[in-house]
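Here is what each chain is made of, one letter per residue.
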Amino acid sequence: MSTDSVSDSLQYCVEQLHNNEVIAYPTEAVFGLGCDPDSEQAVMALLALKKRPAEKGLILIAANYQQLFPYISDERLTTEQRERMFSHWPGPVTFVVPSTAPGWLRGRFDSLAVRVSDHPGVQQLCLAFGKPLVSTSANLSGQEPCRNIREVAEQFGTDFPVLNDVTGGRNNPSEIRNVITGELIRQG
């Protein structure tokens, strides 16, 4: 990648997202791979790159709750369930919520995993792009998730679009909870 500063790489990444490309960006703990959630072509490219079955579903990461409205069934949530999410957001907790989003995002489920991140780079990226991003760990099948730009380049090549920033320093990926039941799905 030829961009050095965060702002230059931010602009470059947003351009790539508009072109249905997959990008890498830092999150709270690891680098993520992301793309436009409204582009089936981009999502399929991301899944192929990861060798991830579409049936597993994906996570969307956003700058704010309003960005998630087109993808979730907010009307099916109670005030208590919303408050449960909001007590953790922005932050490193992902919630599985009811959804009627396209199957290429939900997989075999009638729900979708979503997170409002507190990572400044994620915030800037989602605001500049104008919507949430698909978010899955940046790693090739069988390899450890990338924790810095050098590792992204080693796994995906030096020309792979990447937001030139650092992770939030957490050791573990985001916790995942079911918003309806409160059940812990993945420890953070």
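Everything quoted here is computed from the prediction, not taken from an experiment.

Thresholds applied
- Counting starts from 1 at the beginning of each chain's written sequence and moves along it residue by residue.
- Totals for whole chains, interfaces and linings use all residues, but because this is a predicted model, local features are given only for residues with pLDDT of at least 70 and pairs of side-chain atoms are given and counted only at 80 or more.
- Excluded from the side-chain calculation are hydrogens and water; included are all heavy atoms of the structure.
- Secondary structure elements follow DSSP: runs of H or I of four or more residues count as helices, runs of E of two or more count as strands, with numbering from the N terminus.
- When checking whether two residues touch, look at their non-hydrogen atoms; a contact exists if any pair is within 4.5 Å.
- Remark: exposure states derive from per-residue accessible area (1.4 Å probe, protein chains only) relative to the maximum for the residue type, with buried under 20%, exposed over 50%, and partly exposed in between.
- Residues adjacent in sequence count toward polar contacts only when both atoms are side-chain atoms; beyond that, a polar contact is any pair of N or O atoms within 3.5 Å, and within protein one must be able to donate a hydrogen and the other to accept it.
- In this analysis, strands are considered paired if DSSP registers two or more bridges between them.
- Throughout this description, the term salt bridge denotes a Lys or Arg side-chain nitrogen within 4 Å of a carboxyl oxygen of Asp or Glu.
- UniProt positions are given in the numbering used here, feature names are shortened, and annotations may be inferred rather than shown by experiment.
- Only centres within 6.5 Å qualify two rings of Phe, Tyr or Trp (six-membered ring in Trp) as a pair; their planes then separate them into stacked at under 30 degrees, edge-to-face at over 60, and tilted for everything else.
- Picture the helix axis, draw a direction to every C-beta atom, and the arc is the one those directions span.

1. Concerning the environment of Leu-105
Looking at the element boundaries, Leu-105 is found in helix 4 (residues 103-106). Remark: the alpha-carbon pair of Leu-105 and Leu-58, spanning 47 residues in sequence, is separated by 5.5 Å. Discounting chain neighbours no more than four positions away, the residues touching Leu-105 are Pro-37, Val-43, Gly-57, Leu-58, Leu-60, Tyr-71, Leu-112 and Val-134.

2. Some thoughts on the side chain of Ser-135
Along the chain, Ser-135 turns up in strand 6 (residues 133-137). We classify Ser-135 as buried; its relative accessible area is 8%. At 3.1 Å, the side chain of Ser-135 and the side chain of Tyr-25 are in polar contact. Excluding anything up to four places from it in sequence, Ser-135 contacts Tyr-25, Thr-27, Leu-33, Ile-59, Ile-61 and Arg-115.

3. With respect to the pairing of strand 2 (residues 31-34)
Alternating residues of strand 2 divide into Phe-31 and Leu-33 and Gly-32 and Gly-34, and every residue in both groups is buried. Pairing analysis gives four bridges linking strand 1 (residues 23-26) to strand 2, with the strands arranged antiparallel. Paired with Ile-23 across the bridge in strand 2 is Gly-34. Here strand 2 pairs with strand 6 via two bridges, running antiparallel. Bridging from a neighbouring strand, Gly-32 pairs with Ser-137 of strand 6.

4. Considerations on the pairing of strand 7 (residues 175-178)
As judged from the four bridges shared by strand 4 (residues 93-98) and strand 7, these two strands associate in the parallel manner. Bridged to Val-93 within strand 7 is Glu-175. As paired strands, strand 7 and strand 8 (residues 184-186) are joined by two bridges and run antiparallel to one another. Note on strand 8: the bridge partner recorded for Ile-176 is Arg-186. Here strand 7 hands over to strand 8 after five residues, with Gly-182 in that stretch at a positive phi of 80°.

5. What to know about the pattern of salt bridges
Oppositely charged side chains can pair when the atoms bearing their charge come close. All chains considered together, the criterion is met by eight salt bridges. We note a salt bridge from Arg-82 to Asp-74, for which the minimum N-O separation is 2.8 Å. Sharing partners across several salt bridges, the network here consists of Asp-36, Asp-38 and Lys-131.

6. Looking at the UniProt feature "domain: YrdC-like" (unreviewed entry) in the protein chain
Taking the UniProt record as the reference, the feature "domain: YrdC-like" (unreviewed entry) is found at residues 7-188. As annotated, residues 7-188 comprises 29% helix and 20% strand, and the C-alpha atoms at either end are separated by 30 Å.

7. Here we look at the packing of aromatic side chains
Enumeration over the complete set of coordinates arrives at five aromatic pairs. On the numbers, 4.9 Å between centres and 80° between planes, the contact of Tyr-65 with Phe-86 is edge-to-face. Residue Tyr-65 is found in the loop between strand 3 (59-62) and helix 3 (79-86), and its partner Phe-86 is found in helix 3; the two are separated by 21 residues along the sequence. For Tyr-65, a relative accessible area of 8% puts it in the buried group. We classify Phe-86 as partly exposed; its relative accessible area is 38%.

8. Considerations on helix 5 (residues 120-129)
Taken together, the buried positions of helix 5 are Gly-121, Val-122, Leu-125, Cys-126 and Phe-129. Around the axis of helix 5, the buried residues are gathered within 125° of arc, so they sit on the same side. Away from its buried face, by an angle of more than 90 degrees, helix 5 presents the exposed residues Pro-120 and Leu-127.

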